[in-house]
Amino acid sequence: MAGRMVVGSAALAELVRPASAPDPAGGHRVLPVRPELTGLLPNRGLRRGSTIAVGAGQPRRSGATSLLLALLAEASRAGSWCAVVGVPTFGAGAAAEAGIALDRLALVPNPGPEWPTVVAALIDGVDVVVTAVPSTVSASVANRLAARARQRGSVLVPYGRWDGADVTLQVVRGVWEGLGPGRGRLRRREVTVSARGRGAAARPKEIKVWLPGDELTRVIPRSTGAGAARAAAPRRLRVVAPAAAAAVRPLTVVGSA
């Protein structure tokens, strides 16, 4: 595993700043997201202390992983640390393609039975914590983690069903483009993303974007014509082999001790 560091969950405290340390972001209470996604969030970004859930949907068809990458990219590019817990298929190559800085990304592919402890430790010092939602998570554990994120100023991003989130994002439809009759290449995917939540996010919203797209995703107008189709220039998807993904840039991978 060249370029990666594997440590036990007991060493997580050394990877994050102490909870009592000053917040390096100072008064920046909202972490940026790509402009195309701002309309889905009540604060037009990832508000520190909030819980923003991403629905997992059906495997291979939902586009939820691409949405997750797009949600993290801008904050990571702006200097925020991100962590992903319990998603062993999370690819470093895809993250780098999306614009996520791998030198500020910690991965805990298999947290094991210590999942709540691992997530809580990361919340104490990482700006954005993504975690797959175990099927056995109790409401009390979920509430404690959300309360800890509010207290520490971290953004908790559950990946899966999470009752009580401030906002839940879900890819509800998706269509690939690029394949002709029997031949061609997948070039882009038009997805419809819905947002629902509570408080300022109580009114449901939907947007259409390209995921993955160019360097930025693109909002698709509800009524598109030939001119709009030409404006959204397509780009080929690039397949990253596992060996290439491991050598992109240094990456912190945290395993359970």
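In the block above lies the structure referred to throughout.
Everything quoted here is computed from the prediction, not taken from an experiment. (Residues numbered from 1 in each chain as written. Predicted model: local features only at pLDDT ≥ 70, side-chain atom pairs only at ≥ 80, totals over all residues. Heavy atoms only, no water.)

Asker: So what's going on with the environment of Glu190? Residues and values would help.
Answerer: Among the secondary structure elements, Glu190 is positioned in strand 10 (residues 184-197). Residue class for Glu190 comes out partly exposed when judged on its relative accessible area of 22%. It is 8.1 Å that separates the C-alpha atoms of Glu190 and Arg173, two residues lying 17 residues apart in sequence. (Helix = DSSP H or I, 4+ residues; strand = E, 2+ residues; numbered from the N terminus. Buried < 20%, exposed > 50% of the residue type's maximum accessible area, 1.4 Å probe, protein only.)

Asker: Give a description of helix 4 (residues 139-152) that names residues and reports values.
Answerer: Between its terminal C-alpha atoms helix 4 stretches 20 Å, which fits the 20 Å expected from 14 residues at 1.5 Å a residue. Residues of helix 4 that are buried: Val141, Ala142, Leu145, Ala146 and Ala149. Viewed along the axis of helix 4, the buried residues span an arc of 130°, placing them on a single side of the element. Exposed and oriented more than 90 degrees from the buried face of helix 4 are Ala139, Arg144 and Gln151. The inward-facing, buried residues of helix 4 contact helix 3 (115-123) and strand 8 (155-159). Just past helix 4, the residue Gly153 takes up positive phi, approximately 80°. (Expected span 1.5 Å × (residues − 1). Arc of directions from axis to C-beta. Contact = heavy atoms within 4.5 Å.)

Asker: Please give an account of helix 1 (residues 64-77) that cites residues and values.
Answerer: Over its 14 residues, helix 1 runs 20 Å from end to end, which matches the ideal 20 Å to within 8%, given 1.5 Å per residue. With 10 of 14 residues buried, helix 1 lies mostly within the body of the structure. By the burial criterion, the buried members of helix 1 are Ala64, Leu67, Leu68, Leu69, Ala70, Leu71, Leu72, Ala73, Ala75 and Ser76. Where helix 1 ends, the next residue or the one after it, Gly79, has phi of about 115°, a positive value.

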